[in-house]
Amino acid sequence: MNPHHTSTNQILRLFELDRKHLWHPYTQMKDYEKRDPLFVKRAEGIYLYDIHGRKYFDTISSWWCILHGHNHPRIKQAICDQLNSLEQIHFAGTTHEGAIRLAGCLAEITPPELTRVFFSDDGSTACEVAIKMSLQYWKQSGAPQRELFVSLEHGYHGDTIGAMSLGGVPAFKGPFDCLTFSSPRIPAPYCYRCPASMHAGNCDFQCLEPLEHLLEKEGERIAGIILEPMMMGAGGMIMYPAGYLRRLSDICRGHHMHIIFDEVATGFGRTGKMFALEHAGVTPDFLCISKGLTAGVLPLAATLTTEQIYSAFYADYTEGRTFFHGHTFTANPLGCAAALASLRVFREEGVMEALPARVKTLQEGKDRFAELENVGDARGIGMVAAFELVKDKAGKTPFDPAERVGWKIYLKGLEQGLILRPLGDVIYLLLPLCTTKDEIELILEKTYGVLDNFFKQP
Ligand SMILES: *Cc1c(COP(=O)(O)O)cnc(C)c1O
């Protein structure tokens, strides 16, 4: 018997059990009443294989995680080796080699001011750690009135209650508004729909004026600001110029508040640089990373900060300055081993060196999508390209959400072996760093075909 083969009966039984017991994230389960979810059996490189043996391009890197392809031999080997010595240990009062080495590597590849690494297990917790550290810092540094965090419209920092409070995607928050804390929100640098009615590439970042006004009035009460540098992911793959970050940083520095960069999605090469902050040369007080940290193989996250923040917590125990926060799987040794192996792959397989040519192929290739009838904006950075679909290009009129255009295109994409999981009416490609020029061209051609056909014969 072939151990990789699943019989038709087994498949039916498994789907039945899925319907009976599972509740999938970000999913209206009724959509799957008569349609099976994509049953992924195995993955290799940039390909997913479903239970029927059909092949798909992993065009969203398995929710923005995978970097060097699935089933990478060196990462797999590192996890196996680690499994033979230590698989899990609590991290309070104990330490282990993987965490020590990984912290050293992370300090090395991030700006020199970021010297301290606090591990947790996912992107939401990495952000929550940053806001709690910032808040506690001010409480014990003579500015206890600094209690507010500024965030951006369309921003996304995770689904736990703290991270959600800082999110600016209304659809994700509706029923939970009563639980979230209030956060002064500023407009996003959403160039296609500029909040200051300027033209992209021809402005003076007028969209930052609300931040300046806010800080003039309330600066003393602001602990920090959190944002996704260069690319706002879940809010619709909104990319913006590096100059915005530099200006924002200057404004915030003038008010002595903390800057928190959420690089959970943008970290580890996704935008063409190791970290998106490198595009602007701005160093935050906190840097949150997760998704690509382990090359997307295991859950692990980290919040990096400066010696200045750290030292405000360093004191005799009785002074009560300890940071009382931690997660059960903090610095899990298997995750650390995967992350270290991923960083070795970066160094030894020339990942960043190969990237510019790939980025060029994707970014040049995405431009022609703007010719399509219903593509209002074709935008991109690094290994990400996004297409904002509109009903009418001249008026930038969105489709009626009830039409579920994104969802319908997703289903068409599956037929062509593409995972075009939409964000509202934004269809995007977020490709593994290892995707070759030929593969990128093929993916672009297939994606173009799906969109073209869809709007020709709705
Ligand atoms: C995915 C994401 C998060 C949340 O990460 P989880 O691991 O899902 O908790 C936070 N911030 C950004 C920018 C993300 O893309």
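Everything numeric here is computed off the predicted structure, so don't read it as measured data. (Residues numbered from 1 in each chain as written. Predicted model: local features only at pLDDT ≥ 70, side-chain atom pairs only at ≥ 80, totals over all residues. Heavy atoms only, no water.)

## Here's the deal with the overall build of the protein
Helix and strand counts for the protein stand at 14 helices and 15 strands. Taking all 458 residues of the protein together, the buried fraction comes to 53%. In the protein, 70% of the contacts between residues at least 6 apart in sequence involve partners at least 24 apart. Split by element, the accessible area of the protein, about 21,400 Å² in all, is 54% carbon and sulfur. In the protein, the 46 positive side-chain charges and the 54 negative ones have mean positions that sit 5 Å from each other. (Helix = DSSP H or I, 4+ residues; strand = E, 2+ residues; numbered from the N terminus. Buried < 20%, exposed > 50% of the residue type's maximum accessible area, 1.4 Å probe, protein only. Contact = heavy atoms within 4.5 Å. Areas by Shrake-Rupley, 256 points an atom, 1.4 Å probe, with all protein chains shown as cover. Lys, Arg positive; Asp, Glu negative; His and termini not counted. Charge placed at Lys NZ, Arg CZ, Asp CG, Glu CD.)

## Things to note about helix α1 (residues 8-21)
An α-helical segment advances 3.6 residues per turn. Residues three or four places apart therefore align on the same side. Taking 1.5 Å per residue as the helical rise, α1 with its 14 residues ought to reach 20 Å, and the 20 Å between its terminal C-alpha atoms agrees with that figure. Taken as a whole, α1 has its buried residues at I11, F15 and D18. Along the axis of α1, the buried residues cluster in a sector spanning 55°; they form a single face. More than 90 degrees from the buried face of α1, the exposed residues found are N9, L12, K20 and H21. (Expected span 1.5 Å × (residues − 1). Arc of directions from axis to C-beta.)

## What about the sheet that holds strand β14 (residues 384-389)?
On the basis of which strands lie adjacent, the open sheet formed by 3 strands has the order β13-β14-β15 and antiparallel pairing. Each edge of the open sheet carries a strand with a single partner, namely β13 (375-381) and β15 (426-430). The average angle at which neighbouring strand axes cross in this sheet is 10°, direction not considered. Both β14 and β15 contribute to a ladder of 5 bridges, which runs antiparallel. Looking at β15, one finds that F387 is bridged to I427. (Pairing = 2+ DSSP bridges. Axes fitted to C-alpha atoms, helices over the stretch in contact; angles between N-to-C directions.)

## Here we look at the site of the ligand
Near the ligand you find W64, D122, G123, S124, Y156, H157, G158, E228, D262, V264, A265 and K291, and these make up its full shell. Here an oxygen atom of the ligand and a side-chain polar atom of S124 are 2.5 Å apart. Measuring from a nitrogen atom of the ligand, one finds a side-chain N or O atom of D262 at 2.6 Å. With the chains in place, 83% of the 380 Å² that the ligand exposes on its own is no longer accessible. Each residue belonging to the shell around the ligand can be placed in one class, and the counts come to 4 nonpolar, 4 polar and 4 charged. (Near = heavy atom within 4 Å. Polar contact = N/O pair within 3.5 Å; in protein donor to acceptor, adjacent residues only side chain to side chain. Nonpolar A, V, L, I, M, F, W, Y, C, P; charged D, E, K, R; others polar.)

## Quick word on the pairing of β13
Counting buried positions over the 7 residues of β13 gives 5, a clear majority of the element. Strand direction decides the pairing type here: β13 and β14, joined by 6 bridges, are antiparallel. Across the sheet, the residue bridging to I381 is V384, located in β14. What sits between β13 and β14 in their antiparallel hairpin is a turn of 2 residues, with G382 showing a positive phi close to 55°.

## Here's the deal with the domain arrangement of the protein
Its domain assignment divides the protein into domain 1 (38-68 + 354-456) and domain 2 (76-348). Its C-alpha centre places domain 1 at a distance of 27 Å from the equivalent point of domain 2. Between domain 1 and domain 2, the residue contacts involve 29 residues of the former and 25 residues of the latter. Buried area between domain 1 and domain 2, summed over both chains or domains, comes out near 2,300 Å², and the portion from carbon and sulfur atoms is 66%. Summed over the three residues of domain 1 that lose the most area to domain 2, namely W64, H68 and I381, the buried surface amounts to 28% of that side. Joining domain 1 to domain 2, the criterion identifies 1 salt bridge. A salt bridge links E388 to R193; its shortest N-O distance comes to 2.8 Å. The interface formed by domain 1 and domain 2 includes 15 residue pairs in polar contact (both at pLDDT 80 or more). Of all the elements in the fold, those that place two or more residues in the side of domain 1 that touches domain 2 are α2 (61-64), α12 (351-367), β13, β14 and β15. For the side of domain 1 that touches domain 2, a count of residues per class yields 20 nonpolar, 5 polar and 4 charged. (Domains from an automatic or database assignment. Buried area = accessible area lost by both parts, 1.4 Å probe. Salt bridge = Lys/Arg side-chain N within 4 Å of Asp/Glu carboxyl O.)

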